[in-house]
Amino acid sequence: MTALWRIFTLMVKGETKSLLRGLLLSTLVLMMGAALLGLSGWFITAASAAGLIGAGAVFDVFRPSAMVRFLAIGRTATRYGERILTHDATLRGLTRLRVALLSRVAARSYDRLIRLRGAQALNRIVADVDALDGVPLRLFLPLIAGAVTQIVACAMIAWLVDPRVGLAIFGLFTFGGAGVLVWGIGRAQTPSRRMEAAAQAFRSRLIDLITGREDLAVYGQLTTQTEITRTAELRRQAAATNTDHLERQIGAALMAVSALAGGAALWIGGHLAEMGEISPARAAIGFFAALALMETLAPLRRAVAEIGRMIGAARRVSEQLGHEVASAAQPVPEGPADLVFSGVSFARNAGTRRVIDGFDLTVAPGEWVALKGPSGVGKTTVLLLGAGALSPLEGQVRLCGQPVTQCSPGSVTLVGQRASLLRGTVAENLRIVAPEADDDALWAALAVVALGDVVRDKGGLSMRLGPRGAGLSGGEARRLVLARAVLRKPLVLLLDEPTEGLDHATSLKVLAGIRAALPNTGVLMAAHRAEEQGASDRILTLG
């Protein structure tokens with residue numbers, strides 16, 4: 001429960017006012033419900049008694065009936081306000097959790113990121129955050145509101161009826177409800193964890209089936225993968241059925257607690273009325289209020305059934321949020337935007353041969369520098385160090401006189417060997433780096449990389465791409481990524497074999513276009529081809 005409480009406090013920190021108001025309204029709803037049913041029971045019983053003794057003509061029916069209407073209408077309006085406040089605050093809190101988790105993933109080392117399966121990681125984050133919506137809505141807020149309502153109801157029933165009735169109701173709901181919750185949590189953790197694990201397995205296998213369907217069909221494994229996916233879904237359905245059965249059992253146990261509380265209130269109140277200590281109408285208040293107080297336990301039914309799923313998600317999220325992350329990015333100070341490598345050394349693992357050792361280089365604004373050398377000498381490593389994706393073993397990489405890792409996002413842009421495109425339109429892929437850019441700016445960026453005519457012929461900016469840029473050739477996808485980098489207008493642009501897959505004429509157009517579009521941007525690129533080396537102001541040979 002410690003992890004759940006930590007998640008709850010994290011969500012409260014950002015939405016304290018909204019959640020406190022929602023908690024107040026939630027408590028008020030429960031109190032109004034108990035007051036409504038208690039008053040209705042008293043009103044009916046008192047009116048019947050007045051009619052039996054012939055006092056119906058003088059019995060005041062207007063004020064109690066008006067109060068009943070007020071409580072009924074007010075409870076409905078209060079419930080609506082409570083749902084708006086708590087759900088809105090919870091959704092905003094979940095949004096912040098998602099952003100924080102994705103930020104932690106993005107802050108991981110380059111070596112960990114390249115081994116990360118993006119679909120599985122995103123699926124895990126989405127599923128965990130979705131599971132945590134029940135932490136405030138179905139667990140802690142109902143627990144707090146229910147506890148406050150029970151205490152207030154105990155005091156009011158003791159005052160209006162008899163202390164023995166109030167204590168009996170309070171004791172049964174408190175200890176009986178706690179017993180059911182402890183019993184339910186003990187039984188529910190394993191089934192709900194299994195349901196979540198089965199759901200994750202199904203999603204993962206379904207993603208593999210969809211993304212790899214062509215390869216699976218070629219190797220004759222499509223039917224096998226389909227059956228594996230179906231088996232995972234059947235396990236998920238079976239686990240969900242077990243969890244549903246358990247939820248109903250918990251609900252039945254809570255109803256039994258409510259029935260015992262109502263029965264105790266009726267027995268004690270009836271005995272007191274028989275002894276003449278209280279009137280039958282006052283005895284009815286305790287009985288009907290006890291029935292209404294069942295609402296203090298009802299929201300916990302689903303929370304207990306899903307407790308294993310929530311605890312697992314809370315532990316994973318807490319663990320990820322507990323990792324130290326890089327310092328917050330700072331704006332680049334005024335001054336020359338020189339990218340400086342000073343005595344930089346790097347090794348993949350401690351004790352292994354250094355890929356880069358004592359490397360020094362300065363890339364001035366507007367200067368193009370090409371890194372030349374055979375494969376494996378560290379050209380890509382230098383680019384990753386320049387982007388801050390790798391941390392040097394020794395030395396420093398600085399931009400404008402400060403560590404490159406502390407520069408604002410977009411100051412240094414790296415275009416790697418793989419084209420990183422998303423499913424969506426061409427415009428959406430470009431606006432990832434410039435959300436406010438208009439269509440003219442997008443077309444201008446495409447023209448820089450000689451891709452404008454190609455995109456027009458294929459449907460324009462609204463052309464939809466498949467996963468990883470499906471719909472474009474390898475060279476076209478690479479140029480679209482370069483257009484996105486141009487649109488960002490970085491201080492330093494790092495390119496890893498930018499013209500790979502392009503013909504000679506197109507390569508020259510692209511390189512010339514980038515230089516013309518970004519005249520003050522320093523460019524450092526790993527260059528194998530003659531076109532890339534020829535476009536550079538100087539060439540540095542590694543190895």
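Residues numbered from 1 in each chain as written. Predicted model: local features only at pLDDT ≥ 70, side-chain atom pairs only at ≥ 80, totals over all residues. Heavy atoms only, no water.

(A) Fine view of the overall build of the protein chain. From N to C terminus, the protein chain includes 19 helices and 11 strands. Its C-alpha radius of gyration of 34 Å places the protein chain more than 25% over the 24 Å reference for a compact globule of 543 residues. If one aligns the C-alpha atoms of the protein chain with their principal axes, the spans along those axes are about 110 × 60 × 55 Å. By the burial criterion, 45% of the 543 residues in the protein chain qualify as buried. If the 58 positive side-chain charges of the protein chain are averaged to one point and the 44 negative ones to another, these points end up 5 Å apart. (Helix = DSSP H or I, 4+ residues; strand = E, 2+ residues; numbered from the N terminus. Rg over C-alpha atoms; globule rule 2.2 N^0.38 Å. Buried < 20%, exposed > 50% of the residue type's maximum accessible area, 1.4 Å probe, protein only. Lys, Arg positive; Asp, Glu negative; His and termini not counted. Charge placed at Lys NZ, Arg CZ, Asp CG, Glu CD.)

(B) Local environment of helix α18 (residues 504–517). Compared with the 20 Å implied by 1.5 Å per residue over 14 residues, the 20 Å span of α18 between its first and last C-alpha is a close match. Where α18 is concerned, the buried positions are Thr506, Ser507, Val510, Leu511, Gly513 and Ile514. Along the axis of α18, the buried residues cluster in a sector spanning 160°; they form a single face. Facing away from the buried side of α18 by over 90 degrees, the exposed positions are Lys509 and Ala516. N-capping of α18 is provided by Asp503, with a side-chain oxygen placed 3.2 Å from the backbone N of Ala505. (Expected span 1.5 Å × (residues − 1). Arc of directions from axis to C-beta. Polar contact = N/O pair within 3.5 Å; in protein donor to acceptor, adjacent residues only side chain to side chain.)

(C) Geometry of the pairing of strand β3 (residues 368–372). Among the five residues in β3, four count as buried, and that is most of the element. Sheet analysis places β3 next to strand β10 (residues 522–526), joined by four bridges and oriented parallel. Opposite Leu371, over in β10, you have Ala526 as the bridge partner. Across four bridges, the pairing between β3 and strand β11 (residues 538–541) is parallel. Across the sheet, Lys372 pairs through a bridge with Thr541, a residue of β11. (Pairing = 2+ DSSP bridges.)

(D) Region of interest: the sheet that holds β11. The strand order β6-β9-β10-β3-β11 describes an open sheet built from five strands, whose pairing is parallel. This sheet does not close on itself; its edge strands, each paired only once, are β6 (412–415) and β11. If you compare each strand with its neighbour and ignore which way they point, the axes differ by 15° on average. (Axes fitted to C-alpha atoms, helices over the stretch in contact; angles between N-to-C directions.)

(E) The packing of aromatic side chains, seen in detail. Tallied over the full model, the rule gives five aromatic pairs. For the ring pair Phe341 and Phe359, a centre distance of 5.4 Å and an interplane angle of 80° mean the geometry is edge-to-face. With a gap of 18 residues between them, Phe341 in strand β1 (residues 339–347) and Phe359 in strand β2 (residues 354–363) connect regions that are remote in the sequence. For Phe341, a relative accessible area of 2% gives the class buried. By the ring-pair criterion, three or more aromatic residues cluster together here, those being Trp5, Phe8 and Phe140. Positioned above the aromatic ring of Trp443 is the side chain of Arg456, whose terminal nitrogen or guanidinium carbon lies 4.3 Å from the ring centre. (Phe/Tyr/Trp six-rings, centres within 6.5 Å; stacked < 30°, edge-to-face > 60°. Lys NZ or Arg CZ within 6 Å of the ring centre and 35° of its normal.)

(F) Structural context of a nonpolar patch on the surface. A cluster of nonpolar side chains, namely Leu143, Ile144, Val148, Val152, Met156, Trp159 and Leu160, defines an oily patch on the protein surface of about 590 Å² accessible area. Its location among the elements puts Met156 in helix α6 (residues 134–160). Residue Met156 is classed as partly exposed on the basis of its relative accessible area of 38%. (Patch = residues over 30% accessible without salt bridge, like charges linked within 9 Å, V, L, I, M, F, W, Y side chains within 5 Å. Areas by Shrake-Rupley, 256 points an atom, 1.4 Å probe, with all protein chains shown as cover. Salt bridge = Lys/Arg side-chain N within 4 Å of Asp/Glu carboxyl O.)

(G) The arrangement of the pairing of strand β4 (residues 394–399) in detail. Judged from the five bridges that link them, β1 and β4 form a sheet pairing that is antiparallel. Along β4, the bridge assignment pairs Leu339 with Leu399. Of the pairings in the sheet, the one linking β4 to strand β5 (residues 402–403) comprises two bridges and is antiparallel in character. Bridged to Leu399 within β5 is Gln402. Between β4 and the antiparallel strand that follows it, β5, lie two residues; Cys400 among them carries a positive phi value of about 55°.

(H) The environment of Leu442, seen in detail. Assignment of secondary structure puts Leu442 in helix α15 (residues 439–448). Judged by relative accessible area, which is 0%, Leu442 ranks as buried. Separated by 68 residues in the primary sequence, Leu442 and Pro374 place their C-alpha atoms 36 Å from one another. Not counting residues up to four positions away in its chain, the partners in contact with Leu442 are Ala427, Leu430, Arg431, Ala437, Leu461 and Leu487. (Contact = heavy atoms within 4.5 Å.)

(I) Local environment of unusual backbone geometry. The backbone of Cys400 sits at a positive phi, close to 55°, despite the residue not being glycine. The phi dihedral of Lys489 falls on the positive side, at around 50°, and the residue is not glycine. Tracing the backbone through its elements, the reader meets Lys489 in the loop between α17 (474–488) and β9 (492–496). Using a relative accessible area of 65% as the deciding quantity, one classes Lys489 as exposed.

(J) Local environment of helix α10 (residues 280–292). With 13 residues, α10 extends 19 Å between its outermost C-alpha atoms, agreeing within 8% with the 18 Å of an ideal straight helix rising 1.5 Å per residue. Looking at α10, one finds that the buried residues are Ala281, Ala283, Ala284, Ile285, Gly286, Ala289, Ala290 and Ala292. Contacts from the buried residues of α10 go to α2 (16–52), α6, α7 (163–211) and α9 (222–274).

(K) View of the sheet that holds β2. Reading across the sheet, the four strands line up as β2-β1-β4-β5 and stay open at both edges, with antiparallel pairing between neighbours. Whereas interior strands pair on both sides, the edge strands pair on one side only; in this sheet they are β2 and β5. Relative to the sheet, helix α13 (residues 379–387) contacts β1, β2 and β4, its axis offset from that of β1 by approximately 120°.

(L) Focus on the environment of Pro374. Structurally, Pro374 can be placed in the loop between β3 and α13. Here Pro374 falls in the exposed class, since its relative accessible area comes to 53%. Placed 167 residues apart in sequence, Pro374 and Thr541 show a C-alpha to C-alpha distance of 9.2 Å. With residues up to four places along the chain from it excluded, the contact list for Pro374 reads Lys379 and Leu542.

Keep in mind that these numbers describe shape and distance, not what the molecule does.
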